[in-house]
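Each chain, letter by letter, is given below.
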Amino acid sequence: MTIIAGVDLAGIEKNRTGLAKIRIIDSDTSNIIASLVYKKAFTNSDILSFCSDASIVAIDSPLTLPLNENDMARELDKEMTKRGFRVFPALFSGMKKLTFRAIELKEHLLSKGKKVIEVHPKSTLKKLGITHSEILRYLKIHPQNRISKDEMDAIVCALTGLAYFLGEVETIEAEDGILYLPSSSFIEVIPMLQIVNY
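Residues numbered from 1 in each chain as written. Predicted model: local features only at pLDDT ≥ 70, side-chain atom pairs only at ≥ 80, totals over all residues. Heavy atoms only, no water.

1. Section: the environment of Ser45
Turning to its location among the elements, Ser45 is positioned in helix H1 (residues 44–50). A relative accessible area of 51% places Ser45 in the exposed class. (Helix = DSSP H or I, 4+ residues; strand = E, 2+ residues; numbered from the N terminus. Buried < 20%, exposed > 50% of the residue type's maximum accessible area, 1.4 Å probe, protein only.)

If you want it as structure tokens, here you go:
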């Protein structure tokens, strides 16, 4: 059984982090049976506990630093922007705490044998040409309570992690980092997901 976690990370622990987890129960060429869990968390320990049974963790945050310590932006950030995916520089004043927090979490997760990938839910949605609400329709999810934006972004992170697991990803690479986006064909995979509980 493969478990993929998505983390829409907040910069500091007092702010809310969105978490989501896709648990693949069974799959064949036309159907993927999975469960979906999503929640909010605040502390690093809560995030690490949530991700403890995942083999892939997809985090919405820079996971590396610029090669030049005097630069705010990584070459990866510049490459993303060049390709039409707007991201904030890793060491921009409003991003610095987020980036260092994410790197700390990444190192802990790597030490536990997890595969950790950098993702960007807004860019994933742009790449696929869909919105949050369309994602829910594709997944045939009708939640009783409103899903927060943090949780929704975490679900998009987890779906990008699923795309990575299925080999349905493209990478944007630079000397100082790699970001994963779903391939255009992944839009055809999402409706194959049969969510049995959420």
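2. Points about the packing of helix H4 (residues 121–128) against helix H6 (residues 149–166)
Viewed as axis vectors pointing N to C, H4 and H6 meet at an angle of 65°, and their least axial separation amounts to 9 Å. Between H4 and H6, the angle is such that the two are roughly perpendicular. At the point where H4 passes H6, the crossing takes the left-handed sense. Residue-level inspection shows Pro121, Thr124 and Leu125 of H4 in contact with H6, the latter providing Asp153, Val156, Cys157 and Thr160. Per-class residue counts for the contact of H4 with H6 are 4 nonpolar, 2 polar and 1 charged. (Axes fitted to C-alpha atoms, helices over the stretch in contact; angles between N-to-C directions. Parallel < 35°, antiparallel > 145°, perpendicular 65-115°, else oblique. Left-handed = near helix turned anticlockwise from the far one by under 90°. Contact = heavy atoms within 4.5 Å. Nonpolar A, V, L, I, M, F, W, Y, C, P; charged D, E, K, R; others polar.)

3. Considerations on the nonpolar core
If you look at the biggest cluster of nonpolar residues, it comprises 31 residues, and the most contacted ones within it are Ile135, Leu139, Ile155, Leu159, Phe186, Ile190 and Leu193. Those elements that place two or more of their residues in this core are strand S2 (17–27), strand S3 (32–41), H4, helix H5 (132–139), H6 and strand S8 (193–197). If one sorts the elements of this core by residue count, H6 sits on top with 8 residues. In this view, Phe186 contacts Leu128, Leu159, Leu162, Ala163, Leu166 and Glu168; residues no more than four positions away in its chain are not counted. (Core = buried A, V, L, I, M, F, W, Y, C linked by side-chain atoms within 4.5 Å.)

Purely geometric numbers; function is a separate question.
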